[in-house]
Amino acid sequence: MTATADYTEKIPNNVDLRDDRRLQRALESWQPNFLNWWESMGPRLPTEDVYLRTAVNVGREGWAHFGHVAMKEYRWGIFLAERNQDRRIAFGQHKGEPAWQQVPGEYRAELQRLIVIQGDTEPASVEQQRNLGATAPSLYDLRNLFQVNVEEGRHLWAMVYLLHAYFGREGREEAEELLHRNSGSEDAPRILGAFNEETPDWLSFFMFTYFTDRDGKYQLGTLKESAFDPLSRTCEFMLKEEAHHMMVGTTGIDRVVARTVQVMKEHDTDDVVAHGAIPLNVIQKYLNFHYSVSLDLFGSETSTNVANYFTAGLKGRWSEERRRDNHRLTDDSIMVDALTDGDIGQTEVAALVGLNTDLRREYISDCQNGVNRWNVTLDDAGLEQRLRLPHVAFNRKVGAFSGIETSPNGEKLSIDEWNRRKDAWLPSAVDKTYVRSLMKPVHERGKIAAWIAPPRQGINGQPFDYDYVHLR
Ligand SMILES: [Fe+2]
Ligand SMILES: [Fe+2]
């Protein structure tokens, strides 16, 4: 295994695929199925080529190459972060033992399941976003969308490689199923609920990359800690690509806010609709929605499955090695959100069963960083308004608060009151129609839609008016 990707092979890789003919043949027979899936379920907008980055090296420096490529000729490949020969398991009952290079029989089913669930989300997001190209606010944004899309496709490759290389016939069958299930499909939907919703407009896309893709980042962070070394190294490299997806979301929302602020100042009004911008309260409603559905992706507050995954070494905590405890957690406890006699509160549970809560809290504090940044934009403009994350009990469908309704401040509401007031907190039909009405394509070089500000920087040092995409 080398740091540099071999692009002379049919499937670019840094795992010496050519030394394992069987595996190479298996993956080469999956490849046309992937390409068929990309053609039928990937981006709809016809393009000549797109200014994309391609991974060429997994090392810290200069790992990507930028250039215009026809999207279906993008070189999806298999890249694992470099192996640390001395790596040891950092947590759980096997702590201190050498990391596993093969799948232990006793954990085979669980590991396969974790990989399938992660793998299923990658192509799902491509499917959810496939219509967005037609309404891109600029060529810069269009390029970013496609970059995210090809990399989610590569993340599918990453998981399929593990399934093929380590899980035998069952793994190969699961790899087929990953192409067979589709987002929103009636008979074969994607595994997780949030990945079956269409991403209907660009405000939703930015919210999705900020909040939902960030859930992905945290899940990958736990798998990066895995005792199963190939999974750990795969996720480590995926996280590098993920950083760009996070940037698209953070700066995307920031640019929407910046444009709204500009219009508010220019016309001295909160009513920016007349001027084709998105009102702050509508941005807040989209935020409320995407944040709350993303919290659901972390599962219930307590989980014995997740406790078992941790103890077995399959899945660690976020930044496991930076935690100052014994990394076994057998005697520790944690306070988790709970409904006690109908009231919102917390209850103490064993730390191991509360790991979903631990991960969700790490995620929440990360989410807060973006909100702070957007609020700086508001503050700099001398505006009083602020964006905020809603209460953790707001609009939840999973976990302790799934049975109740609350306001964004966390005050409990009767169903009647919720129904009466929810349009003030979640995107209403009117809001959605308005946002969609703004989604007119701006596919001209250097131009941008009226509802969003241009980025402060282009991609790879290129200016905003660079020809990021050539349309067909
Ligand atoms: Fe991904
Ligand atoms: Fe992503």
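Residues numbered from 1 in each chain as written. Chains lettered and ligands numbered in written order. Predicted model: local features only at pLDDT ≥ 70, side-chain atom pairs only at ≥ 80, totals over all residues. Heavy atoms only, no water.

K.L.:
I'm lost on the coordination of the iron ion (ligand 1) in this one. Help?
P.N.:
Any two of four tetrahedral donors ideally make an angle of 109.5 degrees at the metal, while pairs among six octahedral donors ideally make 90 or 180 degrees. Within the protein, the iron ion (ligand 1) binds to Glu122 (OE), Glu152 (OE) and His155 (ND1); these donor distances fall in the range 2.0 to 2.2 Å. Taken in sequence order, the residues that donate to the iron ion (ligand 1) follow the motif E-x29-E-x2-H. Separating the iron ion (ligand 1) from the iron ion (ligand 2) is a gap of 3.5 Å, bridged by Glu152, which donates to each. Taken together, the positions of Glu122 in helix H2 (residues 108-128) and His155 in helix H3 (residues 139-166) put the pair 33 residues apart, joining distant regions of the chain. When sorted by exposure, Glu122 lands in the same class as His155, which is buried. (Donors = N, O, S within 2.8 Å, 3.2 Å for Na, K, Ca; no water. Helix = DSSP H or I, 4+ residues; strand = E, 2+ residues; numbered from the N terminus. Buried < 20%, exposed > 50% of the residue type's maximum accessible area, 1.4 Å probe, protein only.)

K.L.:
Any chance you could explain the coordination of the iron ion (ligand 2) here in plain terms?
P.N.:
Distances from the iron ion (ligand 2) to its protein donors, namely Glu152 (OE), Asp213 (OD), Asp213 (OD), Glu242 (OE) and His245 (ND1), fall within the range 1.9 to 2.7 Å. Here the donor residues for the iron ion (ligand 2) map to a single chain with the spacing E-x60-D-x28-E-x2-H. Overall, Asp213 belongs to the buried group, its relative accessible area being 8%.

K.L.:
Where do I start with the nonpolar core in this structure?
P.N.:
Counting residues in hydrophobic clusters, the biggest one holds 124 residues, and the most contacted among them are Phe211 and Trp451. When residues of this core are assigned to their parent elements, the largest contribution, 16 residues, is made by H3. Those residues in contact with Phe211 that lie beyond four places of it in its chain are Leu287, His290, Tyr291, Ser294, Tyr363, Cys367, Trp374 and Leu389. Of all hydrophobic cores here, the second largest spans six residues; its members include Ala5, Ala55, Trp63 and Phe79. (Core = buried A, V, L, I, M, F, W, Y, C linked by side-chain atoms within 4.5 Å. Contact = heavy atoms within 4.5 Å.)

K.L.:
Honestly, the packing of aromatic side chains in this entry has me stumped. Any pointers?
P.N.:
For any two aromatic rings, the description comes down to two numbers: the centre-to-centre distance and the angle of the planes. Tallied over the entire structure, the rule returns 35 aromatic pairs. Here the aromatic rings of Phe34 and Trp76 are separated by 4.9 Å at their centres, their planes lie at 75°, and the arrangement is edge-to-face. In this pair, Phe34 sits in helix H1 (residues 21-41) while Trp76 sits in the loop between strand E2 (64-69) and H2, placing the two residues 42 residues apart along the sequence. The residues Phe34 and Trp76 share a single accessibility class, namely buried. With centroids separated by 4.8 Å and ring planes inclined at 80°, the aromatic side chains of Tyr210 and Phe211 adopt a geometry described as edge-to-face. Here Tyr210 and Phe211 have matching classes, each one buried. (Phe/Tyr/Trp six-rings, centres within 6.5 Å; stacked < 30°, edge-to-face > 60°.)

K.L.:
How should I be thinking about the packing of H3 against helix H5 (residues 202-224) in this particular structure?
P.N.:
Describing two packed helices takes the angle between their axes plus the distance from one axis to the other. Where H3 meets H5, the axes come as close as 12 Å, and the angle between the chain directions of the two elements is 40°. It follows that H3 is oblique to H5 by the angle criterion. Crossing geometry of H3 relative to H5 is assigned as left-handed. For the pair H3 and H5, the contacting residues are Asp141, Leu142, Leu145 and Glu152 in the first and Trp202, Phe205, Phe206 and Asp213 in the second. Taken together, the residues of the contact of H3 with H5 sort by class into five nonpolar, no polar and three charged. (Axes fitted to C-alpha atoms, helices over the stretch in contact; angles between N-to-C directions. Parallel < 35°, antiparallel > 145°, perpendicular 65-115°, else oblique. Left-handed = near helix turned anticlockwise from the far one by under 90°. Nonpolar A, V, L, I, M, F, W, Y, C, P; charged D, E, K, R; others polar.)

K.L.:
I would appreciate a short explanation of the sheet that holds strand E7 (residues 469-471) in the present structure.
P.N.:
The strands making up a sheet are joined through hydrogen bonds of the backbone, oriented either antiparallel or parallel. Reading across the sheet, the three strands line up as E2-E1-E7 and stay open at both edges, with antiparallel pairing between neighbours. The open sheet has two edge strands, E2 and E7, and neither has a second partner. Here the average twist between neighbouring strands, direction ignored, is 15°. As paired strands, strand E1 (residues 47-55) and E7 are joined by three bridges and run antiparallel to one another. Note that in E7 the partner of Val50 across the bridge is Val469. (Pairing = 2+ DSSP bridges.)

K.L.:
How should the packing of H5 against helix H6 (residues 229-267) be read in this particular structure?
P.N.:
Following both chains from N to C, one finds H5 and H6 inclined at 155°, their axes separated by 8 Å at the closest point. In terms of axis orientation, H5 runs roughly antiparallel to H6. Two packed elements cross with a definite hand, and for H5 against H6 that hand is left-handed. Here the contact of H5 with H6 is built from residues that sort into 15 nonpolar, seven polar and seven charged.

K.L.:
Could you clarify how one ought to interpret the environment of Val256 in this entry?
P.N.:
In this fold, Val256 is placed in helix H6. Assessed through its relative accessible area of 0%, Val256 is described here as buried. C-alpha separation for the pair Val256 and Val160, spaced 96 residues apart in sequence, amounts to 36 Å. Not counting chain neighbours up to four residues away, the residues in contact with Val256 comprise Leu203, Phe206, Ile278, Ile283, Trp451 and Ile452.

K.L.:
Hey, could you run me through the pattern of salt bridges in this one?
P.N.:
Where charged atoms from two side chains of opposite charge come close, those side chains can pair. Within the structure shown, the criterion is met by 24 salt bridges. With a shortest N-O distance of 2.9 Å, Asp120 and Arg190 are connected by a salt bridge. With Asp120 in helix H2 and Arg190 in the loop between helix H4 (168-180) and H5, the pair connects residues that are 70 residues apart, well separated along the chain. A relative accessible area of 2% places Asp120 in the buried class. Here Asp254 makes a salt bridge to Arg373, at a shortest N to O gap of 3.6 Å. Taken together, the positions of Asp254 in helix H6 and Arg373 in helix H9 (residues 355-380) put the pair 119 residues apart, joining distant regions of the chain. Arg373 sits in the partly exposed class, given a relative accessible area of 35%. (Salt bridge = Lys/Arg side-chain N within 4 Å of Asp/Glu carboxyl O.)

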